[in-house]
Amino acid sequence: HTGNFKAYTPVGPSRAGRYAARPLYYGIMLFKEMVRNAVLVPTQVIAPGINLAVFATRASSGTVSVCVINKDLANAARVKIDVGPGLKPISALWLTAPSVGAMGAVRLGGCAVDDFGQWSPRTPKALSLTDQSLAPVPAASAVMLRFADG
């Protein structure tokens, strides 16, 4: 915790005078969704000219989740993901905000954390990627892609 008005504070005061989830809180939630009942697996990232971070997990069910974080402030990325044979993309959970410096209007799965700390995401978007899982990831955003037996 670095103070109420710092960027790395997961929870801080809102304009309404209550405490509210900050952008970091949403990133923590995204990672929690990815690692639930899963283990981290190695990734290899080849991203010349763009600042990407990629993490992957495999659940006991065999489902693979891949989190792509586009840290580039100006450039969108088109990400090719190879999770191996037999797995097909099934859903996407997007982490978005209106701007890089936004302290509000952050959304995970299209929904915000409410004033009571509850989050009810919309049904994850069905995903049909072509060209060996070529996924668009806008600048300064993140997405968790899930893959399962096809």
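It should be noted that the structure appears before, not after, this text.
Scope of this entry: the structure provided in the associated data block.

What counts and what doesn't
- Residues numbered from 1 in each chain as written.
- Predicted model: local features only at pLDDT ≥ 70, side-chain atom pairs only at ≥ 80, totals over all residues.
- Heavy atoms only, no water.
- Salt bridge = Lys/Arg side-chain N within 4 Å of Asp/Glu carboxyl O.
- Buried < 20%, exposed > 50% of the residue type's maximum accessible area, 1.4 Å probe, protein only.
- Helix = DSSP H or I, 4+ residues; strand = E, 2+ residues; numbered from the N terminus.
- Patch = residues over 30% accessible without salt bridge, like charges linked within 9 Å, V, L, I, M, F, W, Y side chains within 5 Å.
- Areas by Shrake-Rupley, 256 points an atom, 1.4 Å probe, with all protein chains shown as cover.
- Lys, Arg positive; Asp, Glu negative; His and termini not counted.
- Polar contact = N/O pair within 3.5 Å; in protein donor to acceptor, adjacent residues only side chain to side chain.
- Contact = heavy atoms within 4.5 Å.
- Pairing = 2+ DSSP bridges.

## Overview of the pattern of salt bridges
Working step 1: Taken as a whole and judged by the stated rule, the model has 3 salt bridges.
Working step 2: For Lys 32, the salt bridge identified is with Glu 33, shortest N-O distance 3.2 Å.
Working step 3: Judged by its relative accessible area of 15%, Glu 33 is buried.

## Considerations on unusual backbone geometry
Working step 1: Even without a glycine there, the phi angle at Asn 37 is positive, about 55 degrees.
Working step 2: Along the polypeptide, Asn 37 turns up in the loop between helix H1 (23-35) and strand E3 (38-41).
Working step 3: The residue Ala 140 is not glycine, and still its phi comes out positive at about 55 degrees.
Working step 4: As for its placement among the helices and strands, Ala 140 is situated in the loop between strand E10 (134-137) and strand E11 (141-149).
Working step 5: Overall, the relative accessible area of 35% leaves Ala 140 in the partly exposed class.

## Description of a nonpolar patch on the surface
Working step 1: A grouping of Tyr 8, Leu 24 and Ile 28 is seen on the molecular surface, where their side chains present a nonpolar patch of about 320 Å² in accessible area.
Working step 2: Here Ile 28 shows up in helix H1.

## Points about the environment of Leu 24
Working step 1: With respect to the helices and strands, Leu 24 occurs in helix H1.
Working step 2: Residue Leu 24 is classed as partly exposed on the basis of its relative accessible area, which comes to 31%.
Working step 3: Sequence spacing of Leu 24 and Val 11 is 13 residues, and the spatial spacing of their C-alpha atoms is 8.2 Å.

## Re the side chain of Asp 72
Working step 1: Relative to the helices and strands, Asp 72 resides in the loop between strand E5 (64-70) and strand E6 (77-80).
Working step 2: Lys 71 provides the closest opposite charge to the buried, salt-bridge-free Asp 72, at an N-O distance of 11 Å.
Working step 3: A polar atom in the side chain of Asp 72 sits 2.8 Å from the backbone nitrogen of Asn 75.
Working step 4: With sequence-adjacent residues up to four places away left out, Asp 72 is seen in contact with Gly 49, Ile 50, Asn 51, Ala 139 and Ala 140.

## Details of the pairing of E11
Along a regular strand, successive side chains alternate from one face of the sheet to the other.
Working step 1: By the criterion of burial, E11 is predominantly enclosed, with 7 of the 9 residues buried.
Working step 2: By the bridge criterion, 7 bridges tie E5 to E11 in an arrangement that is antiparallel. Along E11, the bridge assignment pairs Val 64 with Phe 147.
Working step 3: With 8 bridges connecting them, strand E7 (residues 87-96) and E11 associate as antiparallel partners. Paired with Pro 89 across the two strands is Phe 147, which belongs to E11.

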